[in-house]
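Residue-level structural notes
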Amino acid sequence: MPTPAALDEYDEPVVRIITLNLEKDGGEDHENGEHPHRWRAAHEELLAPRRPDVILRQEATYSHLHDQRRLRVAEGILGMRGFLSPNGSGRNPTALFLRPETFPQAQRLEQLRYWRTPPTIVVTQLAEVPEVDVVVTSWHAAFNSPRGREREAEELTALADKMKKGTAFVGGGDCNEYPLAHGETVAHIDWASPDVTDRVHIRHRTNAGPGGTRVSCTYLDDTLLGCGLHDPARYAAHELGMADALDPTAGDAAEGQGGGRRIDRIYLDPWMVQAVLAVRVLDTTGLSDHHAVEVVLSRRKLAEALRREFASLAPSSALTHSANAGAPSITNRKG
């Protein structure tokens, strides 16, 4: 794993958002009570040096034990305030961290029904714009059910609906399905390939297509984009020329499942996405089976976005193309 010491420097204050599915919370504690190496390294070596303002965590498997001891230790390492979801049938709670200097206040919301793994949801405010609510959510969509993910995605639309009243939206996590194909640099999996041998995984990640074919699940992406939200990785790739923002985040090591794909994603409202300066996929080899995703925002532009001092970005062009369309080349349209 590359050291995070050489962070890019910006000539303005920034806000960093990171989503990370840390596989099984890094493992169980040792017999002497010490936290496992992967958990320590993820917090001390990957996350803390980057000084994120928002962390969206998944698979906080052991963080509810011993009066949430791991969550409290993580708060100390990161200098952030932590929140943990209730434990659902997936037995892998989600978590969320906020930097108090950036987001001084936070109120917890609960959205428990229909979720295999309940999301962690808070309502907060940027320090410079205390009059505007920002809803922040960390989710882990059901790994085993296309219908379940559809219902979970529809629950997220209730949060997106708050944009009508001026609320901002930040959300993301492990979507356990794929982005719409248009504009992506990695094509959808060929489910008819003889190399795709995991029959259960096929059922978990596809819907029935014509003539007995299987079609990749993209409902969550289609639904959130359809609500007017935006994927900052697409924005960075197509508007800022950062094609590697669309790199796969998980699946490379899974045998018979079709290879790596971009299933860990962040979504922003159509004002906030215009504050994006960069999006990076952070290599977590040796720490987790999912790479982390970091979104860097201009803090000044973020404040302007929260006040809606400029027009919203039009809905994603991905909505006008078939989910099975070929992915065009990435061009730099920064201008």
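As the structure is a prediction and not an experimental result, all values here were calculated from the model. (Residues numbered from 1 in each chain as written. Predicted model: local features only at pLDDT ≥ 70, side-chain atom pairs only at ≥ 80, totals over all residues. Heavy atoms only, no water.)

**Concerning the pattern of salt bridges**
The final tally for this structure, using the stated rule, is 23 salt bridges. One salt bridge in this structure joins Glu155 and Arg151, with 2.8 Å as the shortest N-O distance. You can see Glu155 and its partner Arg151 sitting in helix H3 (residues 146–160), 4 residues apart, about one turn around the helix. A relative accessible area of 28% places Arg151 in the partly exposed class. Across the salt bridge formed by Arg307 and Glu309, the nearest N and O atoms sit 3.8 Å from each other. With relative accessibility at 38%, the residue Arg307 sits in the partly exposed group. (Salt bridge = Lys/Arg side-chain N within 4 Å of Asp/Glu carboxyl O. Helix = DSSP H or I, 4+ residues; strand = E, 2+ residues; numbered from the N terminus. Buried < 20%, exposed > 50% of the residue type's maximum accessible area, 1.4 Å probe, protein only.)

**Let's talk about the nonpolar core**
By size, the foremost hydrophobic cluster in this structure holds 37 residues, and its most contacted members are Ile17, Leu268, Met272, Val276, Leu297 and Leu306. Once you skip the residues sitting within four places of it in the chain, Leu297 turns out to touch Pro13, Val14, Val15, Ile17, Leu268, Met272, Ala275, Val276, Leu277 and Leu302. Leu22, Ala42, Ala48 and Ala95 belong to the second largest nonpolar core, which has 21 residues in total. (Core = buried A, V, L, I, M, F, W, Y, C linked by side-chain atoms within 4.5 Å. Contact = heavy atoms within 4.5 Å.)

**What to know about unusual backbone geometry**
One non-glycine residue with positive phi stands out, namely Arg51, at about 50°. Mapped onto the secondary structure, Arg51 falls in the loop between helix H1 (37–47) and strand S2 (54–58). Here Arg51 falls in the partly exposed class, since its relative accessible area comes to 48%.

**Some details on H1**
Trp39, Ala41, Ala42, His43, Leu46 and Leu47 are the residues of H1 that are buried. The secondary structure elements touched by the buried residues of H1 are strand S1 (14–21), S2, helix H2 (65–78) and strand S12 (276–282).

**Notes on the pairing of strand S7 (residues 134–140)**
Counting buried positions along S7 yields 7 of 7 residues, so the element is predominantly enclosed. Looking at chain direction, strand S6 (residues 120–124) and S7 are connected through 5 bridges and run antiparallel. What sits directly across from Ile121, in S7, is Thr137. Of the pairings in the sheet, the one linking S7 to strand S8 (residues 168–174) comprises 7 bridges and is parallel in character. Across the sheet, Thr137 pairs through a bridge with Gly171, a residue of S8. (Pairing = 2+ DSSP bridges.)

**Examining the sheet that holds strand S5 (residues 106–109)**
The strand order S5-S6-S7-S8-S11 describes an open sheet built from 5 strands, whose pairing is mixed. Looking at strand neighbours, the two that pair on one side only are S5 and strand S11 (264–268), the edges of this open sheet. Neighbour-to-neighbour, the strand axes of this sheet turn through a mean angle of 15°, independent of strand direction. Along the sheet, H3 contacts S6, S7 and S8; its crossing angle with S7, the most-contacted strand, is approximately 170°. Those strands touched by helix H5 (residues 219–226) are S7 and S11, and its axis lies near 10° from that of S11. (Axes fitted to C-alpha atoms, helices over the stretch in contact; angles between N-to-C directions.)

**Observations regarding helix H7 (residues 299–306)**
Most of H7 is tucked away: 6 of the 8 residues are buried. Of the positions making up H7, those classed as buried are Arg299, Leu302, Ala303, Glu304, Ala305 and Leu306. Packing partners of the buried residues in H7 comprise S1, S7, S8 and strand S13 (292–298).

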